[in-house]
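Here's the letter readout for the chains.
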Amino acid sequence: MLKIFSLGVYKQPCLGRAGLNFMRMEEQALTISAVLTVSIIVVGFLLKAWFNEIIRKLDELVKEIKALNELKTIHDQQIKFLQGAQLSTQQRLDNHDQRIRDLEIKSKNG
């Protein structure tokens, strides 16, 4: 509210009823504006904190995914090695099986 300083005493200007109503509405508008400003600042701060938390969690997830990809690569290499070893072992068993059959056939015939 507008106050005039005169001889060390604050005095209300004589504005009449309409003027006082206008002054009250102006004060209310300023109060609402101040409340909205503070509210927006608080909401902005909360959003910033929330987004920072989300970004931090996403960074952690990216690190975990990278670590899992490295493990998957290692396991894929191990699987390929084991499949190669299994194929080699199977070929050796097949060769031995063929030799054993050949020896059995020779021993029956001979």
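Residues numbered from 1 in each chain as written. Predicted model: local features only at pLDDT ≥ 70, side-chain atom pairs only at ≥ 80, totals over all residues. Heavy atoms only, no water.

Draft legend 1. Representation of the overall build of the protein chain. Across its full length, the protein chain holds 1 helix and 2 strands. Taken from N to C terminus, the helices and strands of the protein chain fall in the order β-β-α. Going through the 110 residues of the protein chain one by one, you find that 3% of them count as buried. (Helix = DSSP H or I, 4+ residues; strand = E, 2+ residues; numbered from the N terminus. Buried < 20%, exposed > 50% of the residue type's maximum accessible area, 1.4 Å probe, protein only.)

Draft legend 2. Representation of the confidence of the model for the protein chain within the structure. Here the protein chain shows a mean pLDDT of 84. Residues at 70 or above account for 78%. In this model residues 1-10 is a low-confidence stretch, pLDDT under 50, and it forms 14 contacts with partners more than four residues away in sequence or in other chains. (pLDDT = per-residue confidence, 0-100. Contact = heavy atoms within 4.5 Å.)

Draft legend 3. Examining the pattern of salt bridges more closely. Following the criterion strictly, the structure yields 4 salt bridges and no others. R56 is the partner of E60 in a salt bridge, and the nearest nitrogen-oxygen pair spans 2.4 Å. Taken as a pair, E60 and R56 lie in helix α1 (residues 16-109) at a separation of 4 residues, close to a single helical turn. Looking at E60, the relative accessible area reads 38%, which means it is partly exposed. (Salt bridge = Lys/Arg side-chain N within 4 Å of Asp/Glu carboxyl O.)

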